Amino acid sequence: MRLDGVWWLEDRLRQQLRPVPFEVPPGVSEIEVRLEYDQSAGAVLDLGCAGPEGFRGWSGGARESFRIGVLASTPGYLAGEILPGVWHVWLGLHRVPPEGVRYSLEITFSDKAAKVSRDLEYHHVRALERPPARELPTVGGRRWYAGDLHAHTEHSDGKLTVRQLATLAAEVGLDFLAVTDHNTISHYPFLEKESERSGVTLIPGQEVTTDLGHANVWGSKEWIDFRRPASQWMKQAEKAGALFSVNHPLAGDCAWRHQLTTQPSIAEIWHWSWFDRTWGWPLAWMKRHPAAIIPVGGSDFHEPDGLPASLGEPVTWVLADECETPAILSGIAAGRTAVSATRTGPLVLRCGDEVTTVDADGLVLVRPDETRVVVRADRAGRQSFPASQTGVYRLETWRNEVVALCA
């Protein structure tokens, strides 16, 4: 079937996400949807799908077609039974010029199921070579684990499969990695197997994405409905026993502008877009909140050429009992976090009643009250200071460039 129409700027202002209904007959094993529209004036339409039972996938502006099948689907979309009845293509009116945008949807059905996704085909692979673990102080039997809390795969707008991303995470020395594809959970079925293969704990996550800002939800088994108000994302995450974090709150047109009824406790203070760390705006945003913000970092990794971000830059360190998803998330929720520019770079860690610097000789330790002291490390490359103040400690160069921080 073919569905044609035009969207106007007034349509976008009234309702940005537009469900376009279509009827699926009995006996269908696969649905294919193709979107065509005039992009010459800068129009951008997002793409997603829902079945009679609810959400079936989202790819935003990363794709112009998708397939949903009984056994396999396009990354970003959920495989499974194709129920007859009314389905909807979701069209997100992301950018609509005043002169409007014409679109066409071509929807085809098949009674043949596609092969299993290539992500589920497990073959023998070479043993992964990891960099040596960093020697860091333990606290009460807990260890510091290195990770990245923000990364994407081909299940949204990333370039790598889950397997390729997990392999890269191992090769750069990460202990854990949150896979946070946009508005979907289609990557979830692949995480456990790839965690076992790579030795990297892959945390199930989703980046809830709208024009008014993005948020990461880590550890929720269920899909977070991005169509609802952001305060409901928080409530849904809390009900599911998951963690909610505001992403890159000051990053250009992705800055956080949602109204929240409850203050978030976690925020991605360090994002790749903080490329000039003499700029104080992330710290100023964090300090303006009346209650403490637990700072985390995320590379927002998309592709392996390092543009705009390399995986594990920055690194979020979590003090945890073990490197398993529940323990890592518990460590974050408790505020046992630190962030550094790289895995091997200078560190500042809160270790009980002390703050310990690692590989920071000649840098400046800045306390929460903005008083400063020069670090003069011992032979082991460390120096400890009394943790007499609550809040965030950070390390700076003599030019006031932030290189590490801890809660």
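Here, every reference points to the structure presented above.
A. Broad picture of the pairing of strand 17 (residues 337-340). Of the two faces of strand 17, the one lined by Thr 337 and Val 339 and the one lined by Ala 338 and Ser 340 are each fully buried. Of the strand pairs in this sheet, strand 16 (residues 315-320) and strand 17 are connected by four bridges, and their pairing is antiparallel. Bridging across to strand 17, Val 318 finds its partner in Thr 337. Of the strand pairs in this sheet, strand 17 and strand 24 (residues 402-406) are connected by three bridges, and their pairing is antiparallel. Residue pairing for strand 24: Ser 340 is matched across the bridge by Ala 404.

B. Representation of the pattern of salt bridges within the structure. Applying the stated criterion across every chain yields a total of 23 salt bridges. Across the pair Arg 372 and Glu 396 runs a salt bridge whose closest N-O atoms are separated by 3.7 Å. Residue Arg 372 is found in strand 21 (residues 372-374), and its partner Glu 396 is found in strand 23 (residues 393-396); the two are separated by 24 residues along the sequence. Taken together, the salt bridges that share partners define one network made up of Lys 287, Glu 370, Arg 372, Arg 394 and Glu 396.

C. Representation of the nonpolar core in the model. Core analysis: the largest hydrophobic core is formed by 74 residues, its most contacted members being Trp 144, Leu 177, Phe 244 and Leu 395. If we skip the residues at most four places from it in the chain, Leu 177 touches Asp 148, Ala 151, Leu 165, Ala 169, Val 200, Thr 201, Leu 202, Ile 203 and Leu 311. With 26 residues, the next largest nonpolar core counts Leu 35, Leu 91, Val 101 and Leu 105 among its residues.

D. Representation of the pairing of strand 10 (residues 176-182). Most of strand 10 sits out of view: seven of its seven residues are buried. On strand 10, burial covers both faces: Phe 176, Ala 178, Thr 180 and His 182 on one face and Leu 177, Val 179 and Asp 181 on the other are all buried. As paired elements, strand 9 (residues 143-151) and strand 10 share three bridges and run parallel to each other. Within strand 10, the residue paired with Asp 148 across the bridge is Leu 177. Looking at chain direction, strand 10 and strand 11 (residues 201-210) are connected through seven bridges and run parallel. Of the residues in strand 11, the one forming a bridge with Leu 177 is Leu 202. This β-α-β element, strand 10 to helix 3 (residues 188-198) to strand 11, shows right-handed connectivity.

E. Geometry of the sheet that holds strand 19 (residues 354-358). On the basis of which strands lie adjacent, the open sheet formed by three strands has the order 18-19-22 and antiparallel pairing. In the strand order of this sheet, the two ends are held by strand 18 (347-351) and strand 22 (382-386), each with one partner. Averaged over all pairs of adjacent strands, the angle between strand axes in this sheet comes to 25 degrees, irrespective of strand direction. Strand direction decides the pairing type here: strand 19 and strand 22, joined by five bridges, are antiparallel. Bridge pairing in strand 22 links Thr 356 to Ser 384.

F. Just the layout of surface pockets, in detail. Reported here for the largest pocket is a volume of approximately 1,100 Å³. Every residue lining the largest pocket is counted, 41 residues in all, and those nearest its centre are His 94, Thr 209, Thr 210, Asp 211 and His 214. Of all the secondary structure elements, the ones that give two or more residues to the lining of the largest pocket are strand 4 (44-51), strand 5 (54-60), strand 7 (85-95) and strand 11. Classifying every residue of the lining of the largest pocket by side-chain character gives 12 nonpolar, 19 polar and 10 charged.

G. Layout of helix 4 (residues 230-239). Along helix 4, the residues classified as buried are Ala 230, Ser 231, Trp 233, Met 234, Gln 236 and Ala 237. Of the surrounding elements, those touching the buried residues of helix 4 are strand 11, strand 12 (213-218) and strand 13 (243-246). Among the residues trailing helix 4, Gly 241 stands out with phi positive, at a value near 75 degrees.

H. Broad picture of the side chain of Ser 195. Among the secondary structure elements, Ser 195 is positioned in helix 3. Among the polar contacts made by the side chain of Ser 195, one reaches the main-chain amide nitrogen of Leu 202 at a distance of 3.0 Å. Once residues within four sequence positions are removed from consideration, Ser 195 is found in contact with Val 200, Thr 201 and Leu 202.

I. Structural view of the environment of Gly 76. Position of Gly 76 among the secondary structure elements: in the loop between strand 6 (65-69) and strand 7. For the pair formed by Gly 76 and Ala 62, sequence separation is 14 residues and the distance between their alpha carbons is 10.0 Å. Filtering out sequence-adjacent residues up to four positions away, Gly 76 remains in contact with Gly 57, Trp 58, His 155, Thr 184 and Ser 186.

How each quantity is defined
Residue numbers here run from 1 along each chain, matching the order of that chain's written sequence. Whole-chain, interface and lining totals are the exception, using all residues; otherwise, since this is a predicted model, local features are given only for residues with pLDDT of at least 70 and side-chain atom pairs are given and counted only at 80 or more. Note that water and hydrogens are dropped before the side-chain values are worked out from all heavy atoms of the structure. Each residue's exposure class comes from its accessible area (1.4 Å probe, protein chains only) as a fraction of the maximum for that residue type: buried when under 20%, exposed when over 50%, partly exposed otherwise. Here a helix means four or more residues in a row that DSSP labels H or I, a strand means two or more in a row labelled E, and each is numbered from the N terminus. We call two strands paired when DSSP finds no fewer than two bridges between them. Criterion for a salt bridge: a side-chain nitrogen of Lys or Arg within 4 Å of a carboxyl oxygen of Asp or Glu. Buried residues of nine kinds, namely Ala, Val, Leu, Ile, Met, Phe, Trp, Tyr and Cys, make up a nonpolar core once their side-chain atoms join them within 4.5 Å. Throughout, a contact is declared for two residues whenever any of their heavy atoms are within 4.5 Å. With strands facing away from the observer, any crossover in which the path from the first strand over the helix to the second runs clockwise is taken as right-handed. Structural elements are reduced to axes, namely lines fitted to C-alpha atoms, with helices fitted over the stretch in contact, and the angle between N-to-C directions of any two is expressed from 0 to 180 degrees. The rule is simple: put a 1 Å grid over the protein atoms alone, call a set of points where a 1.4 Å probe fits but cannot get out a cavity, call an open set with protein on both sides within 12 Å along at least five of seven lines a pocket, and count a residue as lining if it has an atom within 4 Å of a point. Grid points are joined across faces, edges and corners, and a volume is the space filled by probe spheres set on the points. Polar here means any residue other than Ala, Val, Leu, Ile, Met, Phe, Trp, Tyr, Cys and Pro, which are nonpolar, and Asp, Glu, Lys and Arg, which are charged; Gly is therefore polar. Counted as a polar contact is a pair of N or O atoms within 3.5 Å, where, for protein atoms, one must be capable of donating a hydrogen and the other of accepting one, and residues adjacent in sequence contribute only when both atoms are in side chains.

On their own, these measurements won't tell you what the molecule is for.
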